[in-house]
Amino acid sequence: EQETQKETITYNCEFDINDLITYNNSESVVVVGNNGEIKSFKNGQEIWSIQLNDKPIGKIKIIDLYNKNQNYTLLNTSTKIHLWDENGDYLSGFPIEIDSELTNEVKFYRWKGKSYFLVTNAEKEIMHFDSKGRELNIFYTDILVSRKIDVWVSNKILFAGLANQKKFRMINLDKYKKHRE
């Protein structure tokens, strides 16, 4: 009778952990510290690390930017949207620098075969970027968005849900207009 041993790997980040995410069947881990420290590990070995000059907003995400089973690490701070490949290199067009303070975590979504990012700032602007970090549009809302942005399709129309503690807005992303409150 053969006994299977479970392997345990301990990662020493040397900072206070704010968030972490695993991917590649838990072979890879990206860890974020409270003060913007980031370390990426694969099979127990550190692959890359970076120190951001700002604290992270929201959770770190692993995304498949081009729908080709390639992993990219996505995170934003109050002034930048960061996107790294598995070696810790920024993708072309990143980081995206924002002039005013971001109020929530960046939302990544795919629509009609393309990748997009949405984020809101303290000026009540909703900023829309493509997969290369290029600004597509900025439109305004009357609420300060503090909750996660939700994106969905209904009747072949793409919508975004924007909310704070008391109000919710449903935006038609194709036409950039308020649909429902």
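Residues numbered from 1 in each chain as written. Predicted model: local features only at pLDDT ≥ 70, side-chain atom pairs only at ≥ 80, totals over all residues. Heavy atoms only, no water.

Engineer: Could you clarify how one ought to interpret the overall build of the protein in this entry?
Structural biologist: Helices and strands together make up the secondary structure of the protein, namely zero helices and 16 strands. Taking the principal axes of its C-alpha atoms as reference, the protein extends roughly 60 × 40 × 35 Å. Scored against the burial criterion, the 181 residues of the protein give a buried share of 45%. Counting only contacts in the protein whose residues sit at least 6 apart along the sequence, the fraction spanning at least 24 positions is 32%. For the protein, the accessible area works out to roughly 10,700 Å², and carbon and sulfur atoms hold 41% of it. Across the protein, the mean location of the 25 positive side-chain charges is 11 Å away from that of the 26 negative side-chain charges. (Helix = DSSP H or I, 4+ residues; strand = E, 2+ residues; numbered from the N terminus. Buried < 20%, exposed > 50% of the residue type's maximum accessible area, 1.4 Å probe, protein only. Contact = heavy atoms within 4.5 Å. Areas by Shrake-Rupley, 256 points an atom, 1.4 Å probe, with all protein chains shown as cover. Lys, Arg positive; Asp, Glu negative; His and termini not counted. Charge placed at Lys NZ, Arg CZ, Asp CG, Glu CD.)

Engineer: Please explain the sheet that holds strand S7 (residues 80–84) as it appears in this structure.
Structural biologist: Whenever strands of a sheet pair, they do so through backbone hydrogen bonds, lying parallel or antiparallel. Ordered by their spatial adjacency, four strands build an open sheet running S5-S6-S7-S8, and the pairing between neighbours is antiparallel. The open sheet is flanked by strand S5 (56–63) and strand S8 (96–97), the only strands paired with a single partner. (Pairing = 2+ DSSP bridges.)

Engineer: Just to check I follow, could you spell out the nonpolar core for this structure?
Structural biologist: Where a protein is soluble and globular, its nonpolar side chains tend to be buried together. Among the nonpolar cores identified, the biggest contains 18 residues, and Ile-63, Leu-65, Leu-74, Ile-81, Leu-83, Phe-117 and Phe-129 are the most heavily contacted of them. Of all hydrophobic cores here, the second largest spans 15 residues; its members include Tyr-116, Leu-118, Ile-126 and Ala-160. (Core = buried A, V, L, I, M, F, W, Y, C linked by side-chain atoms within 4.5 Å.)

Engineer: I'm lost on the sheet that holds strand S4 (residues 45–51) in this one. Help?
Structural biologist: Pairing within the open sheet is antiparallel, and its four strands lie in the order S1-S2-S3-S4. At either end of the open sheet lies a strand with only one pairing partner, and these are strand S1 (17–23) and S4. Sheet twist, expressed as the mean angle between neighbouring strand axes with direction ignored, is 15 degrees. With five bridges joining them, strand S2 (residues 28–33) and strand S3 (residues 37–42) adopt antiparallel strand pairing. Its bridge partner being in S3, Val-29 is matched across the sheet by Phe-41. (Axes fitted to C-alpha atoms, helices over the stretch in contact; angles between N-to-C directions.)

Engineer: Looking at this model, I keep getting lost on unusual backbone geometry. Mind explaining?
Structural biologist: With the exception of glycine, the majority of residues adopt a negative phi angle, and the majority of peptide bonds are in the trans configuration. Between Phe-94 and Pro-95 the backbone carries a cis peptide bond, its omega angle lying at 0 degrees. Following the sequence through the fold, Pro-95 ends up in the loop between S7 and S8. A positive phi is found at Glu-14, a non-glycine position, where the angle reads about 65 degrees. Looking at the element boundaries, Glu-14 is found in the segment before S1.

Engineer: Any chance you could explain the pairing of strand S9 (residues 107–111) here in plain terms?
Structural biologist: Two faces belong to every sheet, and in a regular strand the side chains alternate between them. Note: S9 against strand S10 (residues 114–120), five bridges, orientation antiparallel. Paired with Phe-108 across the strands is Phe-117, a residue of S10.

Engineer: How do you make sense of the pairing of strand S15 (residues 168–172) when you look at a structure like this?
Structural biologist: Burial analysis of S15 places four of its five residues in the buried class, which makes it a mostly covered element. Here five bridges tie strand S14 (residues 157–163) to S15, and the two strands are oriented antiparallel to one another. Bridging across to S15, Phe-159 finds its partner in Asn-172. Linking S14 to S15, which pair antiparallel, is a turn of four residues.

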